[in-house]
Amino acid sequence: MPARRPPARRTVPSGEAGRRFPGFDVLDQADAWDPATAATVLQRLQLQPDLRFFTCAEEACAGALLDLLLAQDGPPQRPEVPVLQMIDARLAETQTDGWRYQDMPEDGDAWRATLRALDEDAADRHGAPFAALPAEQQRRLVQTVQDLHGKDWHGMPAAHVWSLWTRYACTAFYSHPWAWNEIGFGGPAYPRGYARLGVGARERWEHPDADPRDPAADSQERT
Amino acid sequence: MRRHLAAARTTLALTTGSQRAIRERNASAWLLPDDGSRFDRTQVENMRRFDDNDEVDLVIVGCGAGGATLAQRMAHAGWSVVCLEAGPFWDPDTEWVSDEAGSHHLYWTEPRVISGADPVPMGSNNSGRGVGGSTVHFAGFVPRLHPSDFSTRTDDGVGADWPIRYEDLRPSYERIEQELPVAGQYWPWGDPHAYRHAPHPVGGNGEIFLRGAAAAGIEARVGPVAITNGRFGNRPHCVYRGFCLQGCKVNAKGSTLITHVPDALAHGAEIRTEAMATAIETDAEGRYATGVRYLRGGREHLQRARTVAVAGYAIETPRLLLNSANRRFPEGLCNDHDLVGRYVMVQGAPQTAGRFTQEIRAYKAPPPEVSSEAFYETDPTRAYKRGFSVQTVSPLPITWAEHVAAQGHWGHDLRRYMQDYIHWATLGALCELLPQAGNRVTLATERDRYGLPVADFSYSQCDNDRAVIAAARTVMEDILRAAGATEVITIERYAHLVGGCRMAQDAEHGVVDGDLRSFAVPNLLITDGSVLPTQGAANPALTIMALVDRAAARLTAGARAGLRAPAGGGAR
């Protein structure tokens, strides 16, 4: 079988340092994946289709929102999972999850409406579009939406807006092999399978967690 | 001691039994290729094909757990069968992937509206599409219902009584368990029984459950799962790749695509894919069904049949009946008593995850591993009726991210939580939520690509539902803490979907009788999960298949229903 490992860099997405699984690259296993799976996963490393769904204003707002939600906020040269392009493609193809809340528009319209609402909030409070604001002001506006929970936000229940944003963002981001590198996920395992099952057991190619302390306990200690 | 001996004896008898009777009844596992590919495409190419004008003995709508099982049983019995399936005929080798986001096409993603006080998201978790339906991506847990499930109204004052007893279903349970086949430890709950195949080894998640349950004094068992342990026919052993919910590329986990469709095809059934049913046709007076109208390739067709069976599941089956309104049934076919679409149920499925210093790596084995039904029945010391079961669930990264995001984490907080992924073990409960008339499918004003009104599914919990979910959460948190978790988090979600055309003793209380025959139209059957009057705390697939096995036996034993058109022109 020809070596399938793409020449892509060994990395984790922008924003975090990748200190838990240094050196682990799930793409090193690409030769062990079945062809259909390899094609699906490796496509995410290739050039994504041009934006077709979002308008320029929506592109700016969604890009800033997604960078915030997923903390892809490293220096410009750091690799970013192309979440905006992936979501744009889904919306352009109306690849929904097959349902919408009765009190929300269809997903595509809901994205447009919520981005417009975010820009309105930004204009009301800071006199500029969302994307033009400093990160801290953006963060506060987004936090406001989350804190509303079930209450109304621009005619939509805020919780349903939050669910829309995080669902699309997480699905795109954690489908990417760079995100798998960051969390130590072994990835596809067909036809080889996993041989070493059980607590503390690792395949020979899986990397141990370099810092297995509980990050939540950590932050409790800090506060 | 005597109980343990009986368990050992029945286990031995089962595990050493011959497979010949299974193969004679359903040779599907032996009709699969043994050359490393997963489905014999020549079976599809050489499939018998009927003409719309052939009045076949049976047309089935939907090829999932119920539809495929019925197709196999009736074709095997010599009936001419056409099964209409809206989705494609899957080729597991080229069309399924070991990847979460890449498996989106396995779900029913046509538009639906969800409403009510506690709306139920659809899609990946509770819908299927294509040959095999949702069994393609179900986890594979296949517990039976308990005898107590069949009379909750009489015994517990909640839910509904079934028109059949557990004993009526036991032989069907046994037959389907052999055909899937099911692997697991001796099952001590409900009607205690053994399984023919040994339990699978468990991964980190299952190990944590077993450890925590033992420490907390709760009985837990490995299995029962529809995953081959050792070769079965031409199906190979599980390789523990962890992607059960994305369709099994190994052919180890059973789906009706491989457990019943091959034998159905071998006996002359036609599975007509990409065929979206739009209405059930009746004679002018609405006395009997005459066939099914469907769209295929953008054109409308009408498959004529002497018997019609609907197996579109709890949303699409009521929707099809409601969309089949005619002069005799102005409110929807079989809807004289305003019961079609009502009493739809989901199980409360809170998920609790525990954090461990050691690496769990829950993704490295099938998500269904260990289960407990110790809290299944009504406990008189508790303030609620009925109960729940607890099972391992092993979320893959996207699902886990949704779990973490549901806790309110985002930004760097989300990223850091996610980097802790391999340290978490996750349990899920299945809570028996009660059937309520207001939890129902109706038609929305919005229309889909086919021009049909889409389903609106409204769902609200009652007080008993909330109490059961809260109790399940406490038990799962106790188990994980007993296993040594340093932190536990719980999110609320739902699983499964049944009801909507419940079976009952008479037409005032249900849409179909215990043989799954509709009260209103004698040659119309409903053969899917929508017939369940209550749902217990068990995953529904095995029960759906067992009900269909029983209904098929009743159908073959009786005379072929309906009028036969004069012979001539057909492919018979």
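Because the structure is a prediction, the values reported are computed rather than measured.

For chain A, the count of helices and strands is 8 helices and 3 strands. Reading chain A from its N end, one meets helices and strands in the order α-α-α-β-α-α-β-β-α-α-α. Referenced to the eigenvectors of the C-alpha coordinate spread, the extents of chain A come out at roughly 55 × 45 × 35 Å. Taking all contacts inside chain A whose residues are at least 6 apart in sequence as the whole, residues at least 24 apart take part in 70%. Accessible surface for chain A amounts to roughly 9,800 Å². Of this, 52% is attributable to carbon and sulfur atoms.

This paragraph deals with the overall build of chain B. Assigned secondary structure in chain B consists of 16 helices and 19 strands. Taken over C-alpha atoms, the radius of gyration comes to 23 Å for chain B, in line with the 25 Å a tight globule of 572 residues would show. Counting only C-alpha atoms, chain B reaches 70 × 55 × 50 Å along its principal axes. Taking all 572 residues of chain B together, the buried fraction comes to 66%. Of the contacts formed within chain B by residues at least 6 apart in sequence, a portion of 75% connects residues at least 24 apart. Looking at chain B as shown, the accessible area adds up to about 18,500 Å², and 49% of this sits on carbon and sulfur atoms. Side chains of chain B carry 59 positive and 65 negative charges; the gap between the two charge centres is 3 Å.

A word on the confidence of the model for chain B. Per-residue confidence for chain B averages 94 on the pLDDT scale, and 97% of its residues sit at or above 70. Across residues 561-572 of chain B, confidence stays below pLDDT 50; counting only partners more than four residues off in sequence or on other chains, it has 24 contacts.

Bringing the packing of helix α4 (residues 107-126) of chain A against helix α6 (residues 158-173) of chain A into the picture now. Residue and element names in this part refer to chain A. Viewed as axis vectors pointing N to C, α4 and α6 meet at an angle of 110°, and their least axial separation amounts to 11 Å. Put simply, α4 runs roughly perpendicular to α6. Residues D107, A110, W111, T114 and L118 of α4 form the contact with α6, whose participating residues are V161, L164, W165, R167 and Y168.

Attention now moves to the nonpolar core. Judged by nonpolar contacts, the single largest core of 223 residues is most densely connected at A:W111, A:F130, A:W165 and B:F457. Of all hydrophobic cores here, the second largest spans 10 residues; its members include A:Y190, B:V225, B:I227 and B:Y240.

With that settled, the discussion passes to the sheet that holds strand β1 (residues 100-101) of chain A. Here 4 strands make up an open sheet; going across it, the order is β1(A)-β3(B)-β16(B)-β15(B) and the pairing mixed. In the strand order of this sheet, the two ends are held by β1 of chain A together with β15 (440-447) of chain B, each with one partner. The sheet contact formed by β15(B) and strand β16 (residues 453-458) of chain B spans 5 bridges and is antiparallel. Looking at β16(B), one finds that B:R440 is bridged to B:S458.

Before going further, it helps to examine the interface of chain A and chain B. With 71 residues of chain A at the interface, the matching set in chain B holds 67 residues. Contact between chain A and chain B buries roughly 5,400 Å² in total, counting both sides, with carbon and sulfur atoms accounting for 56%. Per-residue buried area on chain A facing chain B is highest for A:Y174, A:Y190 and A:V199; these three make up 14% of the total on that side. Linking chain A with chain B are 11 salt bridges. For B:E359, the salt bridge is made with A:R202, and the minimal N-O distance between the two is 3.0 Å. The interface formed by chain A and chain B contains 43 residue pairs in polar contact (both at pLDDT 80 or more). When grouped by side-chain class, the residues that make up the side of chain A that touches chain B number 30 nonpolar, 21 polar and 20 charged.

So, about the packing of helix α8 (residues 166-179) of chain B against helix α16 (residues 541-557) of chain B. Residue and element names in this part refer to chain B. Two numbers describe how α8 lies on α16: the axes approach to 8 Å, and their chain directions differ by 110°. With respect to each other, α8 and α16 are oriented roughly perpendicular. Once α8 is placed against α16, the crossing between them reads as right-handed. Along its contact with α8, which presents D168, L169, S172, Y173, R175, I176 and E177, the element α16 presents L542, T543, M545, A546, L547, D549 and R550.

Residues and elements named next belong to chain B. Most of strand β18 (residues 494-500) is tucked away: 7 of the 7 residues are buried. Examined bridge by bridge, strand β10 (residues 342-348) and β18 share 4 bridges and lie antiparallel to one another. Bridge pairing links G348 to Y494 in β18.

Moving on: the environment of B:P119. Note on placement: B:P119 falls in the loop between β3 (113-115) and α7 (152-156). Residue class for B:P119 comes out buried when judged on its relative accessible area of 17%. Sequence separation between B:P119 and B:I398 is 279 residues; the distance between their C-alpha atoms is 21 Å. With residues up to four places along the chain from it excluded, the contact list for B:P119 reads A:Y101, B:I114, B:Y459 and B:Y494.

Once that is clear, we can look at the sheet that holds strand β19 (residues 524-526) of chain B. Residues and elements named next belong to chain B. Overall, parallel pairing links the 5 strands, which are arranged β5-β2-β1-β9-β19 in an open sheet. The sheet is open, and its two borders are formed by β5 (270-272) and β19, each paired with just one other strand. Neighbour-to-neighbour, the strand axes of this sheet turn through a mean angle of 20°, independent of strand direction. Bridge count between strand β9 (residues 308-310) and β19: 3 bridges; the pairing is parallel. Looking at β19, one finds that V308 is bridged to L524. Sheet strands touched by helix α12 (residues 313-323): β1 (58-61), β9 and β19. Its angle to β19, the strand with the most contacts, is close to 155°.

Turning next to helix α5 (residues 65-76) of chain B. Residue and element names in this part refer to chain B. A rise of 1.5 Å per residue sets the reference length of α5, with its 12 residues, at 16 Å; its end C-alpha atoms lie 17 Å apart and thus fit the reference within 8%. Summarising burial for α5: 11 of the 12 residues are buried, a large majority. All of the buried residues along α5 are A65, G66, G67, A68, T69, L70, A71, Q72, R73, M74 and A75.

Considering all chains together, one arrives at 53 salt bridges over all chains under this definition. B:D191 is the salt-bridge partner of B:R170, the closest N and O atoms lying 2.9 Å from each other. Note that B:R170 is positioned in helix α8 and B:D191 in the loop between α8 and α9 (204-216), a separation of 21 residues in sequence. Its relative accessible area of 29% is what places B:R170 among the partly exposed residues. A salt bridge links B:D420 to B:R355; the nearest nitrogen and oxygen atoms lie 2.6 Å apart. With B:D420 in the loop between α14 (412-418) and β14 (424-431) and B:R355 in strand β11 (residues 351-355), the pair connects residues that are 65 residues apart, well separated along the chain. Note on accessibility: B:D420 and B:R355 belong to one class, buried. The network of salt bridges with shared partners includes A:R202, A:E203, A:E206, B:E359, B:R361 and B:K364.

With that settled, consider the side chain of A:H160. Residues and elements named next belong to chain A. The residue H160 is located in helix α6 in this model. The buried category is assigned to H160, whose relative accessible area is 15%. Other than its neighbours up to four places away in sequence, H160 contacts Y101, D103 and M104.

Looking now at the pairing of β11(B). All names here are of chain B. Burial analysis of β11 places 5 of its 5 residues in the buried class, which makes it a mostly covered element. The alternating pattern of β11 places Q351, A353 and R355 on one face and T352 and G354 on the opposite face, and all of these are buried. Sheet analysis places β11 next to β14, joined by 5 bridges and oriented antiparallel. Among the inter-strand pairings, A353 is bridged to a residue of β14, identified as T426. Sheet topology note: the β11/strand β17 (residues 487-491) ladder contains 5 bridges and is antiparallel. Residue Q351 lies in a different strand from β17, and its bridge partner there is I491.

Parameters and conventions
- Residues numbered from 1 in each chain as written.
- Chains lettered and ligands numbered in written order.
- Predicted model: local features only at pLDDT ≥ 70, side-chain atom pairs only at ≥ 80, totals over all residues.
- Heavy atoms only, no water.
- Helix = DSSP H or I, 4+ residues; strand = E, 2+ residues; numbered from the N terminus.
- Contact = heavy atoms within 4.5 Å.
- Areas by Shrake-Rupley, 256 points an atom, 1.4 Å probe, with all protein chains shown as cover.
- Rg over C-alpha atoms; globule rule 2.2 N^0.38 Å.
- Buried < 20%, exposed > 50% of the residue type's maximum accessible area, 1.4 Å probe, protein only.
- Lys, Arg positive; Asp, Glu negative; His and termini not counted.
- Charge placed at Lys NZ, Arg CZ, Asp CG, Glu CD.
- pLDDT = per-residue confidence, 0-100.
- Axes fitted to C-alpha atoms, helices over the stretch in contact; angles between N-to-C directions.
- Parallel < 35°, antiparallel > 145°, perpendicular 65-115°, else oblique.
- Core = buried A, V, L, I, M, F, W, Y, C linked by side-chain atoms within 4.5 Å.
- Pairing = 2+ DSSP bridges.
- Buried area = accessible area lost by both parts, 1.4 Å probe.
- Salt bridge = Lys/Arg side-chain N within 4 Å of Asp/Glu carboxyl O.
- Polar contact = N/O pair within 3.5 Å; in protein donor to acceptor, adjacent residues only side chain to side chain.
- Nonpolar A, V, L, I, M, F, W, Y, C, P; charged D, E, K, R; others polar.
- Left-handed = near helix turned anticlockwise from the far one by under 90°.
- Expected span 1.5 Å × (residues − 1).

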